[in-house]
Amino acid sequence: MNLEEAKDIIYPSKEEKESARKTKVNELITMTKQNSENSSTLETAILNTYDEFVHHEQMARDLAKKFKIPYSRTITTTSSRQLIERIQMNLQEIAAKVAGAKVDENTTLEDAKRISTELTSQLDEISYGVEVSKGFSELIQANRQQAENDIKRGIYERVQVAIENARVQRYTEQKASIQGEKVGFLGRIVGKQQLKQQKLENLDLKIQLAQRQAEKTPQGETYSIREMLVDMRLCVDNELEGKFTPEIQEIYQMIKSTYQDKDAREFSEQYIQRLAGQRLVAQGKSGLPTVQNGSARRFGKTKAEARMLETENQGLRQKMLKMRTYSLKTDRMHSEQEPDAMVVFEQKLKGIAINTQPNSRVATRNLEDTLELW
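Residues numbered from 1 in each chain as written. Predicted model: local features only at pLDDT ≥ 70, side-chain atom pairs only at ≥ 80, totals over all residues. Heavy atoms only, no water.

Some details on the pattern of salt bridges
Per the stated rule, a full pass over the model turns up 20 salt bridges. Among the ionic pairs, Lys-152 bridges to Glu-148, the shortest N-O distance being 3.0 Å. In this pair, Lys-152 and Glu-148 both sit in helix H5 (residues 136-179), four residues apart, roughly one turn of the helix. Each of the salt bridges in this network shares a partner with another, and the network as a whole consists of Arg-73, Asp-150, Arg-153 and Asp-340. (Salt bridge = Lys/Arg side-chain N within 4 Å of Asp/Glu carboxyl O. Helix = DSSP H or I, 4+ residues; strand = E, 2+ residues; numbered from the N terminus.)

Focus: the packing of helix H8 (residues 225-239) against helix H9 (residues 246-259)
Taken N-terminus to C-terminus, the directions of H8 and H9 make an angle of 150°; their axes are 11 Å apart at the nearest point. In terms of orientation, H8 and H9 fall into the roughly antiparallel class. For the element pair H8 and H9, the recorded crossing hand is left-handed. Contacts between H8 and H9 involve Ile-225, Leu-229, Met-232, Arg-233 and Val-236 from the former and Ile-248, Ile-251, Tyr-252, Ile-255, Lys-256 and Tyr-259 from the latter. By residue class, the composition of the contact of H8 with H9 is nine nonpolar, no polar and two charged. (Axes fitted to C-alpha atoms, helices over the stretch in contact; angles between N-to-C directions. Parallel < 35°, antiparallel > 145°, perpendicular 65-115°, else oblique. Left-handed = near helix turned anticlockwise from the far one by under 90°. Contact = heavy atoms within 4.5 Å. Nonpolar A, V, L, I, M, F, W, Y, C, P; charged D, E, K, R; others polar.)

What to know about unusual backbone geometry
Here the phi dihedral of Lys-68 falls at roughly 60°; this positive angle occurs in a residue that is not glycine. Topologically, Lys-68 is positioned in the loop between helix H2 (14-67) and helix H3 (80-101). Although it is not a glycine, Glu-241 sits at a positive phi angle of roughly 55°. Within the secondary structure, Glu-241 is located in the loop between H8 and H9.

Concerning the side chain of Thr-49
With respect to the helices and strands, Thr-49 occurs in helix H2. The exposure class assigned to Thr-49 is buried, which follows from its relative accessible area of 2%. For Thr-49, the contacting residues outside a window of four places in its chain are Phe-136, Ile-140 and Phe-345. (Buried < 20%, exposed > 50% of the residue type's maximum accessible area, 1.4 Å probe, protein only.)

Shown next as structure tokens:
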């Protein structure tokens, strides 16, 4: 390479410099115009997402109040509102800097490079924020589902408590009646004392099972309102001789009046009773004991009846053991379920707030923290 060729590389011609100037100026003009649209898009997406979260929370709170169940999940305990205000301030400051840049067709190449150095990184962060905000619709859907699931879990727990109360009350009454029975000398010979002990143990186990079932709230699962109705119908028909307790009646009718409009057929009494019957048959086939309604058993002799009760009691103990194992598994499942949409939204806002800070207010940015937030 001779000296003249080297000079051409080191010292570009006037035409090349003008071409580079125009290219840089046009890039800046396009970028600054696009920033106004990007800033508006980002702010709108953030505000709409926050409003949707608040709306879902209010709907959930209304249902919680109606069903008399607790509901504590709220976006107001997060820093989301403060982060939104911080992002809005960042966008306003950047917009003011863009407006003061004064880029036009007469801007020199040196000025264009200086302005580009000052603005490009921040305008790119706003553009990236817009890309991040495109995933907010998924967060809205996740939050809606999580709020709905929290309400259904609360209703499920109330249903189980109502069923537990009905069972415990009935078994306690039966236990008191059996305890009052007198067993004479002849009765002891034929095994009535043994039968009485098995009956009392049977009722004690059923009381414990009822209490354990009420405590067992499946985590990380989809709660079915229809299956809750089946639970109550099965209890009423098979254990309470078809008579609703006031507590079960209240929540049963409340569920139907709230959810029946979504699918009238699936909430009809005929369909619920049919499902309850199918569940009862399935329970019998599973080998697990089904709770009897207290009517006299026809097992023949007293000692044979006592042996049958002893077998049933063993089955009840096994069922409680399985329930303990199931509870441990579901606790682990709960710890592995998807993250709270509110927490994810807050993390996204932190990332946007940090990365859209005007350079004049940024001392140093921790790259690892910034990447984690995104």
